[in-house]
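Next come the chains, spelled out residue by residue.
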Amino acid sequence: MARRPERTDRGAVRLDPRLLIGIVLIAGSTTGVWALVDGLDDSAATYAARDTLTPGTRIDADDLEIASVRLGVHADGYLTPDDLPDEGLVVVRTIDAGELIPESAVDTVDRAGLATVVVSSRAALPGSLGPGATVDVWAAHRADRDTYEPPAVLVAGAEIAAVQKAEGMVDAGGPSVELLVPREKVAALLESLAAGDVIDLVPARAGTD
């Protein structure tokens, strides 16, 4: 009896050419979309201030936090991790907490022309005043033991660098405040403090120089 020829293609899987074409098209589309998204991603790692930074403050990486933001062509105007030298930089204008660090707001040297002077205010400060706010320093010169001359503005528009919290259970008076004072005003302010003049810090009006 003659044997039937054995089929050699038993169990073979035939792939539909249309399926292969579909797989290739899907893979190509996915790759194209990924490349397009990657090309459009213009995010950059820039520095932002952890806390409010005032002029004359030297900062390093510990004072900053990295923020990934989409800045496009404007990324060159902000401080990046590659721009921060090991010795740090000096703040030349107030930078609010959370604000990205503009390159124009920092410098390698202190050019602000300001000095820090600690002043004790006779009265408590308004709760809205803190680092970065400006105050006028009013001083009343002691005429004799019990009388004072009319108060006058000794320093206008001094910027608050820090407010020192009172220590202990009892607050002996107003807070001690670190002020950024123009260097040409420092001598007069220190003289007033040494003379025991009454000092009050009053919120400066907008636009006060």
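Residues numbered from 1 in each chain as written. Predicted model: local features only at pLDDT ≥ 70, side-chain atom pairs only at ≥ 80, totals over all residues. Heavy atoms only, no water.

Student: Explain a nonpolar patch on the surface residue by residue, including any values.
Tutor: Nonpolar side chains collect at one region of the surface, where Trp138, Val153 and Val202 lie side by side and expose about 220 Å² of accessible area between them. Note on placement: Val202 falls in strand β10 (residues 198-203). With relative accessibility at 35%, the residue Val202 sits in the partly exposed group. (Patch = residues over 30% accessible without salt bridge, like charges linked within 9 Å, V, L, I, M, F, W, Y side chains within 5 Å. Areas by Shrake-Rupley, 256 points an atom, 1.4 Å probe, with all protein chains shown as cover. Salt bridge = Lys/Arg side-chain N within 4 Å of Asp/Glu carboxyl O. Helix = DSSP H or I, 4+ residues; strand = E, 2+ residues; numbered from the N terminus. Buried < 20%, exposed > 50% of the residue type's maximum accessible area, 1.4 Å probe, protein only.)

Student: An account of the environment of Ala48 is needed here, citing residue identities and associated values.
Tutor: Its place among the elements puts Ala48 in strand β1 (residues 43-49). For Ala48, a relative accessible area of 3% corresponds to the buried category. Here the alpha-carbon distance between Ala48 and Ile101, two residues 53 residues apart in the chain, equals 5.4 Å. Look past the residues within four positions of Ala48 in its chain and what remains in contact with it is Leu64, Glu65, Ala67, Gly98, Glu99, Leu100 and Ile101. (Contact = heavy atoms within 4.5 Å.)

Student: Tell me about the sheet that holds strand β6 (residues 114-120), and please be specific about residues and values.
Tutor: Across the sheet, which stays open at both edges, the five strands sit in the order β6-β9-β8-β7-β10 with antiparallel pairing between neighbours. Looking at strand neighbours, the two that pair on one side only are β6 and β10, the edges of this open sheet. Strand-to-strand twist in this sheet, taken as the mean axis angle between neighbours without regard to direction, amounts to 45 degrees. On top of the sheet, helix α2 (residues 183-194) reaches β6, β7 (134-140), β8 (152-164), β9 (176-182) and β10; it is set at about 20 degrees to β6, its chief contact. (Pairing = 2+ DSSP bridges. Axes fitted to C-alpha atoms, helices over the stretch in contact; angles between N-to-C directions.)

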